[in-house]
Structures are given as C-alpha cells and as structure tokens.
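What follows is the residue order along each chain.
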Amino acid sequence: MDINAFMLGGDTVDYKELRERYPEFSFDGYEIKNEDGKIKVIYFFTQSEDIQFFPEWILPFSFDEYIENENSEFLDSLIFNLGLSELVSYWKACCSPKIIVRCGYLSDEQQLFWKKLYFNGLGEFFYRNNIDAQFDTFVNFECLYDYDHTGLNVPVETKGNLIAVGGGKDSVVSLELLKDFDHSCYIITPHGANIDTTRVAGYTDEKIIAPKRVLDRKIVELNNKGYLNGHTPLSAVIAFSSYLCAFLAKKKYVVLSNESSANESYVDGKEVNHQYSKSIEFENDFRDYVEKLAVEKGREKDLELYKNVKDLAPEVIAKYRRIYKGVSPNVDFYSGLVYKMLDIPPDLFTPIFTIARIAGWSAHRIEELVTGGKIIRPAYKSNNVRNIYVPMNNR
C-alpha cells in the first residue's frame with residue numbers, strides 16, 4: 001500500500017482503521033557489522049511491503065570484542081532484546097494487533113513481559129490519541145523462533161557500576177554519591193547537559209560509554225502524514241541498551257536514577273499510583289526479586305530469617321503493644337539485605353536511607369514550627385555542637 005494514499009484529510013488516521021489495514025508488524029531480524037572498528041547493529045522491522053524501518057545502534061566497543069566474545073549467544077540475545085525495546089517506537093504508528101517475531105525466542109512469560117511493558121509504557125500515547133486500548137486485545141505476539149539462546153557459556157568477572165546519565169538532577173545525585181568508586185558513565189548520544197554533568201562529576205572520556213542511537217526517519221514521515229504518534233517507553237530502551245553496554249564493559253551493575261514523580265498520574269480517573277513503591281504490587285514484585293537474588297548470591301539463610309521476622313512480628317506487636325490492626329513490613333524492611341547482596345558498603349546504608357527522606361522530614365519540621373510546636377514526628381533534638389555553615393566549594 002502507498003503510504004501517501006492512506007490519509008484522512010491531514011488529520012490523524014483512525015486507530016481501528018489502521019489496525020484493519022495493517023494487521024501485522026514483523027521483527028524480521030538484525031545485522032551486526034563492523035563500523036570503523038566499532039559494533040554496529042541494524043534492526044529490520046516491517047509494517048507492510050512499502051513501510052519498513054531500519055534503526056541503528058553504534059556501540060563504542062571494538063568489533064573484535066563481539067567476534068571473540070565467548071558468550072556470543074548471550075550477547076546476541078541482549079541485542080535481540082534491545083530490538084524489542086526499539087520496536088514499539090515504530091509499531092505505534094499503526095498499532096497492528098499482531099507482532100510477529102522471526103529472529104529470536106520469546107517464552108510465554110517473556111511475551112507477557114513485553115506486552116505489559118508496551119501497554120503501560122504507551123499509557124500517555126493511548127490517552128492523547130483517544131484510544132481505548134484493552135490489555136488482552138491491543139497486541140499479541142507470534143514467535144516463529146523455537147531456540148532459546150539466552151544462557152551464559154562462560155562466567156564473566158565484573159567490577160564497578162555503569163551509571164546512566166541524562167543530565168537531570170537525579171543522575172547528578174547518583175554521580176555525587178558514587179564518585180569515590182570505580183564506575184563509568186552511560187550516555188545515549190551525548191549532548192550539552194549530560195556531558196557537562198559527567199565532566200563536573202570528574203569523569204574523563206575514558207570513563208564515558210556513549211553509544212549512538214539512530215532513528216529511522218521514515219517514522220517521522222509517517223508522523224507528518226498523520227499516522228499515530230506519541231510518547232513511548234524510552235526508559236526501557238535505556239535499560240536494555242545500558243545492560244548490553246555493561247555486559248560488554250564487564251560492569252557489575254547498572255545504576256539508574258528515577259524521581260518519585262515518575263509514579264504520579266496527571267490524569268484524573270486513571271489508576272496510576274504515585275506511591276507505587278509502597279504498593280502491595282511492588283512489594284510482591286520486589287520480594288520475588290529478592291528471593292531470586294538471594295539464591296543467586298547464596299543468602300538463602302538471611303532471607304529465611306527475614307521471612308520469619310515478617311511472619312512473627314505482627315503477633316508479637318499485637319501482644320505487647322496492643323496494636324491489632326495488623327502490621328506489615330514496607331519496602332525498607334528488605335533494604336538492608338538487598339544492600340548487602342549488592343555489595344554496597346555498610347557506611348552508605350544510612351545515607352541512602354536518609355537522602356530519600358530529607359525533603360519529607362524537613363517539611364514535617366517546618367509544619368511543626370508553623371503550627372506552634374505540635375509534635376508530628378518524634379522530637380527533633382540534635383546532640384551535636386552547633387557549627388557554622390560552610391559552602392560546598394569552601395570545604
């Protein structure tokens with residue numbers, strides 16, 4: 001079909017009509033090639049005979065590192081999954097009800113993961129385009145690949161973190177907190193703010209990993225012609241691309257900095273919880289993650305102790321404190337164990353806990369002073385000698 005022929009007077013094309021016209025979107029494959037000694041990845045997506053997309057990534061690693069990598073199958077799997085995170089940016093133009101995957105394996109559980117990511121990550125896109133998408137029917141996957149090549153053949157010795165930097169205040173805080181450790185920064189397509197942020201934090205070019213992401217301009221052409229357009233889950237692209245680069249750089253962890261407002265809904269009537277990290281859903285997901293991580297790290301006994309405390313504490317509290325409404329642990333209950341498993345130095349446990357709460361504590365203290373000394377929280381009484389404030393640049 002000629003993409004110029006399918007238009008509605010310059011307005012956005014109808015969602016349902018698009019889905020009928022374009023029932024399938026295909027992830028056909030990807031090519032890994034040598035680009036001036038670096039790794040270049042080209043993805044192949046097909047919407048129709050005359051609508052195809054070829055987005056690219058140029059990774060700042062020697063092509064020989066890919067050719068000679070003992071875990072080449074696992075590396076291919078990471079590149080394949082990065083393609084799945086890219087795919088949604090092109091799929092959204094027509095929102096085909098079926099995605100056919102021809103170049104990699106997806107289990108039923110993995111298909112559900114991607115479906116959930118696309119659905120939740122496109123929430124604003126659906127809203128702004130007045131699309132009443134339903135989770136069960138908005139898209140389904142058909143995987144034509146029956147070989148799972150995700151396993152590691154050879155253990156990899158890793159060290160340090162890869163810190164994703166966008167240039168905002170959240171990544172600035174992470175860089176400051178972790179500046180005394182052996183880390184590298186991760187930046188997609190460097191520009192003023194993120195480069196300046198890393199420079200101020202003291203990171204040299206050798207410590208900056210900056211892949212180049214190249215969008216296929218055909219998606220812009222479709223947007224200009226009235227095909228569907230809007231926000232897509234870029235954070236997923238950052239997550240999968242940073243994981244890929246961390247693997248190639250032999251970094252132990254990827255550090256992402258997210259602000260609390262990411263959980264807040266700005267649309268009335270939509271069930272988006274701005275305190276999701278305190279929700280039961282998150283606690284269950286988090287506990288599941290902790291259990292898997294504990295087994296991986298050989299900390300099953302520690303985890304069993306936490307489970308026993310969680311189960312026995314409500315009974316003890318009810319008996320001795322006469323609190324019968326039920327007491328459940330929040331996410332902080334598990335934080336110490338997780339900090340240990342992540343090899344975070346114990347001296348940082350309290351600062352990490354505190355830094356996220358300073359704003360709230362300060363607000364409570366101000367409220368206490370304004371309301372005439374009524375104590376909302378336990379009394380704030382410093383036992384330190386009062387010191388004269390010294391500006392940061394004079395310390």
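Residues numbered from 1 in each chain as written. Predicted model: local features only at pLDDT ≥ 70, side-chain atom pairs only at ≥ 80, totals over all residues. Heavy atoms only, no water.

*Asks:* How should I be thinking about the overall build of the protein in this particular structure?
*Replies:* The helix and strand tally for the protein stands at 14 helices and eleven strands. A burial count over the protein gives 35% of its 395 residues as buried. Total accessible area computed for the protein in this model is approximately 23,800 Å², and 52% of it derives from carbon and sulfur atoms. (Helix = DSSP H or I, 4+ residues; strand = E, 2+ residues; numbered from the N terminus. Buried < 20%, exposed > 50% of the residue type's maximum accessible area, 1.4 Å probe, protein only. Areas by Shrake-Rupley, 256 points an atom, 1.4 Å probe, with all protein chains shown as cover.)

*Asks:* What's the story with the pattern of salt bridges in this structure? I'm lost.
*Replies:* When charged atoms on two side chains of opposite charge get close, those side chains can pair. Applying the stated criterion to the full structure yields seven salt bridges. A salt bridge links Glu 124 to Arg 128; the nearest nitrogen and oxygen atoms lie 3.3 Å apart. One end of the pair, Glu 124, and the other, Arg 128, are both in helix H5 (residues 123–128), four residues apart, so they sit about a helical turn from each other. Taking the relative accessible area as the measure of exposure, Glu 124 reaches 30% and is therefore partly exposed. (Salt bridge = Lys/Arg side-chain N within 4 Å of Asp/Glu carboxyl O.)

*Asks:* Teacher, can you tell me more about helix H4 (residues 108–121) here?
*Replies:* Side chains of residues three or four places apart in an α-helix project in the same direction, reflecting 3.6 residues per turn. Spanning 14 residues, H4 covers 20 Å between terminal C-alpha atoms, matching the ideal 20 Å at 1.5 Å per step. Considering only its buried residues, H4 is in contact with helix H3 (72–91), strand S5 (98–101), H5, strand S6 (140–143) and helix H9 (234–249). (Expected span 1.5 Å × (residues − 1). Contact = heavy atoms within 4.5 Å.)

*Asks:* Explain the packing of aromatic side chains here, please?
*Replies:* Two aromatic rings, taken as a pair, are described by how far apart their centres are and by the angle between their planes. Within the structure shown, the criterion is met by 26 aromatic pairs. Between Phe 113 and Phe 240, the ring centres sit 6.5 Å apart and the planes meet at 70°, which makes this aromatic pair edge-to-face. With Phe 113 in helix H4 and Phe 240 in helix H9, this pair connects stretches of sequence that are 127 residues apart. Phe 240 sits in the partly exposed class, given a relative accessible area of 21%. Considering the side-chain rings of Phe 135 and Phe 138, the 6.3 Å spacing of their centres and the 40° angle between planes classify their relative orientation as tilted. Overall, Phe 135 belongs to the partly exposed group, its relative accessible area being 26%. In this structure, Lys 115 packs its charged tip against the face of Phe 135, placed 5.0 Å from the ring centre. (Phe/Tyr/Trp six-rings, centres within 6.5 Å; stacked < 30°, edge-to-face > 60°. Lys NZ or Arg CZ within 6 Å of the ring centre and 35° of its normal.)

*Asks:* What am I meant to see in the sheet that holds strand S11 (residues 253–255) here?
*Replies:* Two orientations exist for strands paired in a sheet by backbone hydrogen bonds: parallel and antiparallel. An order of S9-S8-S7-S11 is seen for the four strands of this open sheet, with the pairing classed as parallel. Of all the strands in the sheet, the pair left with one neighbour each is strand S9 (208–209) and S11. Pairing analysis gives four bridges linking strand S7 (residues 161–164) to strand S8 (residues 183–186), with the strands arranged parallel. Residue Ile 163 lies in a different strand from S8, and its bridge partner there is Cys 185. (Pairing = 2+ DSSP bridges.)

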